[in-house]
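Architecture and fold: a report
Each chain, written out:
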There are 2 protein chains.
Amino acid sequence: MNKKEISTKPLPGFMELTPQNQKAFDNIKDKIQTTFEKFGFVSIDTPTIERAEVLLAKAGGETEKQIYQFKKGDKDVALRFDLTIPLARYVVENFKKLSFPFRRYQIAKVYRGEKSQKGRYREFYQCDIDIVGDEKLSLINDAEIPSVIYSIFKELNFGSFVIKINNRKLINGLLSDLNLSDKSVEILRIIDKLDKVGKEKVMEMLKEISIDETSIEKIFNFLEINGSNEYVLTELKNLSVGDNDFQNGIDELEEVINNVKLFNVPDDYIKIDLSIARGLDYYTGTVYETVLTDYPEIGSVCSGGRYDDLAQKYSDRKFPGVGISIGLTRLFSQLKDAGLVEEESPTNSKVLIISMVDDLKIPLKVANTLRQNSIATEIYFEEGKVAKKMKYADKIAVPFVILIGEDEINSNEVTVKNMETGEQEKVSVDDVVNYFS
Amino acid sequence: MNKKEISTKPLPGFMELTPQNQKAFDNIKDKIQTTFEKFGFVSIDTPTIERAEVLLAKAGGETEKQIYQFKKGDKDVALRFDLTIPLARYVVENFKKLSFPFRRYQIAKVYRGEKSQKGRYREFYQCDIDIVGDEKLSLINDAEIPSVIYSIFKELNFGSFVIKINNRKLINGLLSDLNLSDKSVEILRIIDKLDKVGKEKVMEMLKEISIDETSIEKIFNFLEINGSNEYVLTELKNLSVGDNDFQNGIDELEEVINNVKLFNVPDDYIKIDLSIARGLDYYTGTVYETVLTDYPEIGSVCSGGRYDDLAQKYSDRKFPGVGISIGLTRLFSQLKDAGLVEEESPTNSKVLIISMVDDLKIPLKVANTLRQNSIATEIYFEEGKVAKKMKYADKIAVPFVILIGEDEINSNEVTVKNMETGEQEKVSVDDVVNYFS
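Residues numbered from 1 in each chain as written. Chains lettered and ligands numbered in written order. Predicted model: local features only at pLDDT ≥ 70, side-chain atom pairs only at ≥ 80, totals over all residues. Heavy atoms only, no water.

1. Here we look at the relation of the copies chain A and chain B
- For the pair chain A and chain B, the best superposition has an RMSD of 0.0 Å and corresponds to a rotation of 180° with a translation of 0.0 Å parallel to the axis. In symmetry terms, the pair is related by a two-fold rotation axis. Minimal C-alpha separation from the rotation axis in chain A is found for Phe70(A), amounting to 3.2 Å. (Least-squares fit on C-alpha atoms with pLDDT ≥ 70 in both.)

Put into structure tokens, the structure is as follows:
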């Protein structure tokens, strides 16, 4: 095969970063992971490949079209398209070895064969946490989740943001009150488009599926309640919808909103938004979306919610839970476009050693000592003039260069150059570690 | 579909760990990563899915059979089966944005549809480092690699180990001297089996491919040179093989052995072993294998070598390099079987808060303060008696429990229980952070 015939580009829809951007990406990933662990979540690592029937047991039509599915030997297998279904399988399989509530995180790649377009990835990282109960799970957990979101986005420092909260029982209760429960899936899908297509279009679409005008009006009276969290809760009570679900929804929402405060999340970071429906139909209570205030076009950067039963397709035991997911690959790409992420120095080394002498004894003695003291160090071994070696130092943007020449060897010293300030000073070989500690 | 019809087990050959074992696995992975970074390697993250033609450009027959290959849309794609070929593609694609020598690490899962058997995995982590030069790369890098291996296995503390070193030019030179170059691939594959099948069988197999007895004797005279590194080098010189490659092999091996000492690797951790051939045919010089002295049955835990040209299938530019790979999943499984890895506490929390009061204000105040000070904390929110809550604490093996009851609330204190010693003491709510700092 001719060399030029093989493309070395990644497949379309697959992100691959330069070391400069990879460092920036990994920094964000590490901060998310550190926060997850600070809140007591533990990591699991499920396989990328699953039995197709496991993944498809819960999937809808759209997912089935997008899934990477193939035969290997006699097995019908597929690549995971989220981390929730593998969690469900994991919980059922490892039930006896887990402690409940099971607080797990997983940060891993998932696969969806979406139409290739800007900002859409076929391979992308999801950063997930879930708190899964055995048969039951206290509502207070729904108030803890926003405090994790708050900690992460405070730490990431992408400007102000709002965590939007709703409860699925409200719209479900309202639709039941209007005798529209049988159409609730379709109605929710239409409402979910409100942000994108606007009120007129949504009303039209609702009419198309034969919803009467009075019901549409009542739905909008509900959706358009807007104001402070206290105001929204009061107005919801004033709607006097008789349905039990609706009343439970109000109670749960009020309790979550009140409890979130106890987790030290400032009031203005939490906003009830009754128009949040969340496409996925397994949510049954609280739902969340998170929006960066200055970049609304990015959409929700962290979404999730409460589900009554995680593993209903695999087990008769009930596993209620609440969780969120951050789609990190897409988020990174959008933050980069918005100028919110900068490239980082493409090295992990704090020190680069450049030697102008042939005998490597002293340069390597210095390198060994620094590394033994956990100071990341590399040595430029290649032949060439000092200028070429310093060019490499500049290119990798290493913070310090240690220069070793005949003079230095004779005086048992090295020259340390601070690459940011340009300052140089002589340091005794035996003091080098102290210099960097 | 009936619930019982769906298996929740991972596919055969796919490792999935309990949180207890996952922590142990992640600890090893983190130590490897930290060492890679200490030696100045930077991380890249290539896609799991590649164009099939990219992966198959370099693969041999065995790999082609094992590869996970499938169609997605009009694309013929496959899952990577190692991290070296993706590195080659990455270097060619990102050439202008990289600094050379390019020191990269990648720790990621790869896929091989091997026959499912104990200790063989179809999805497994490889931990790779490579130093890749642009057109040339100094031989001193071949001596730095063993110092990375040494640091890692010292740090991992699995007992004593030996890094075995050889140079492919020796056997290639010998075979050329014996006019057997055209059969060198077959001969190397047979020699590679020496450890498993023994000398008799290898001699028989060599006869089967028509190697004459004199040549077989000369090959074994070479393979069986054994002793101190100095002795082996002297004996190699005494063989007086006229071939240039052979003489270069001696010079390189001698230089690498001498330089490794300068990297502070003690003599008894490095051993020349002329029988190491390494199955893969892209190695052209130094080759490494690493053996845990007390567990020879595990085989090589870290292997690699020098190659003249990484990306010859994708580029006319020459990228020589040297690198190693640790097959972490298999290693972990075998270390576990050998009793060298213990399960870890299945929590990241340092503190579990158990409250016996309904009002969550004080418990959450304590949790918020601990988390703000990066002390990993979780709160047991579920209903139940103290005994049930303490059972959860025992099960996750959390180091400290903070108990909060009416008494504590009244005195603005909490009770801190050290779960290892069983000791309890009262600490003022305002002093809790100091207690754990």
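2. Remarks on the pattern of salt bridges
- All told, the structure shown has 40 salt bridges over all chains when counted by the stated rule.
- For Arg317(B), the salt bridge goes to Asp134(B), with nearest N and O atoms at 2.8 Å. Remark: Asp134(B) occurs in the loop between strand E6 (123-132) and helix H5 (140-156) and Arg317(B) occurs in the loop between strand E10 (303-307) and strand E11 (321-327); sequence separation between them is 183 residues.
- Here Asp134(B) falls in the partly exposed class, since its relative accessible area comes to 25%.
- We note a salt bridge from Glu408(B) to Lys426(B), for which the minimum N-O separation is 3.8 Å. In this pair, Glu408(B) sits in helix H16 (residues 406-411) while Lys426(B) sits in strand E16 (residues 424-428), placing the two residues 18 residues apart along the sequence.
- Salt bridges sharing common partners tie together Arg103(A), Glu144(A), Arg371(B) and Glu378(B). (Salt bridge = Lys/Arg side-chain N within 4 Å of Asp/Glu carboxyl O. Helix = DSSP H or I, 4+ residues; strand = E, 2+ residues; numbered from the N terminus. Buried < 20%, exposed > 50% of the residue type's maximum accessible area, 1.4 Å probe, protein only.)

3. Details of the environment of Phe400(A)
- Within the secondary structure layout, Phe400(A) lies in strand E14 (residues 400-404).
- For the pair Phe400(A) and Cys127(A), spaced 273 residues apart in the sequence, the C-alpha separation amounts to 35 Å.

4. Details of a negative patch on the surface
Residues and elements named next belong to chain A.
- On the surface, a cluster of negative charge is made up of Asp-358, Asp-359, Glu-383, Glu-406 and Asp-407.
- Examined against the element boundaries, Glu-383 turns out to sit in the loop between strand E13 (377-380) and helix H15 (386-396).
- The exposure class of Glu-383 is exposed, given its relative accessible area of 65%. (Patch = residues over 30% accessible without salt bridge, like charges linked within 9 Å, V, L, I, M, F, W, Y side chains within 5 Å. Areas by Shrake-Rupley, 256 points an atom, 1.4 Å probe, with all protein chains shown as cover. Lys, Arg positive; Asp, Glu negative; His and termini not counted. Charge placed at Lys NZ, Arg CZ, Asp CG, Glu CD.)

5. Things to note about the sheet that holds strand E3 (residues 69-72) of chain B
All names here are of chain B.
- Strand order in the open sheet made by the 3 strands is E2-E4-E3, with antiparallel pairing throughout. Edge positions in the open sheet fall to strand E2 (49-51) and E3, since each of these has one partner strand only. Neighbouring strand axes in the sheet, compared pairwise and without regard to direction, differ in orientation by 40° on average.
- Examined bridge by bridge, E2 and strand E4 (residues 75-79) share 3 bridges and lie antiparallel to one another. Looking at the pairing, Arg-51 lines up with Val-77 of E4. (Pairing = 2+ DSSP bridges. Axes fitted to C-alpha atoms, helices over the stretch in contact; angles between N-to-C directions.)

6. Remarks on the interface of chain A and chain B
- Facing the 100 residues of chain A at the interface are 100 residues of chain B.
- Summed over both sides, the interface of chain A with chain B buries roughly 8600 Å², with 54% coming from carbon and sulfur.
- Joining chain A to chain B, the criterion identifies 10 salt bridges.
- Ionic pairing is found between Asp45(B) and Lys109(A), a salt bridge with its closest N-O pair at 2.9 Å.
- Here the side of chain A that touches chain B gets 6 residues from one element, more than from any other, and that element is helix H1 (residues 19-38) of chain A.
- Broken down by class, the residue content of the side of chain A that touches chain B amounts to 46 nonpolar, 25 polar and 29 charged. (Contact = heavy atoms within 4.5 Å. Buried area = accessible area lost by both parts, 1.4 Å probe. Nonpolar A, V, L, I, M, F, W, Y, C, P; charged D, E, K, R; others polar.)

7. Some words on the sheet that holds strand E16 (residues 424-428) of chain A
All names here are of chain A.
- Overall, mixed pairing links the 5 strands, which are arranged E13-E12-E14-E15-E16 in an open sheet. Of all strands in the sheet, those bounded by a partner on one side alone are E13 and E16. Averaged over neighbouring strand pairs, the angle between their axes works out to 30° when direction is ignored.
- Judged from the 5 bridges that link them, strand E15 (residues 413-418) and E16 form a sheet pairing that is antiparallel. The residue bridging Lys-417 from the neighbouring strand is Gln-424, located in E16.

8. Things to note about the pairing of strand E14 (residues 400-404) of chain B
Residues and elements named next belong to chain B.
- Of all 5 residues in E14, 5 are buried; the element is thus mostly enclosed.
- The alternating pattern of E14 places Phe-400, Ile-402 and Ile-404 and Val-401 and Leu-403 on opposite faces, both of which are buried.
- Bridge analysis of strand E12 (residues 351-355) against E14 gives 5 bridges, and the strand direction is parallel. Opposite Ser-355, over in E14, you have Ile-404 as the bridge partner.
- Relative to strand E15 (residues 413-418), E14 is paired through 4 bridges, and the arrangement is antiparallel. For Ile-402, the partnering residue across the bridge sits in E15 and is Val-416.

9. Side note on the confidence of the model for chain A
- Summary statistics for chain A give a mean pLDDT of 93 and a share of 97% for residues scoring 70 or more.
- Interface predicted TM-score (ipTM) for the complex: 0.94; the corresponding pTM is 0.95. (pLDDT = per-residue confidence, 0-100.)

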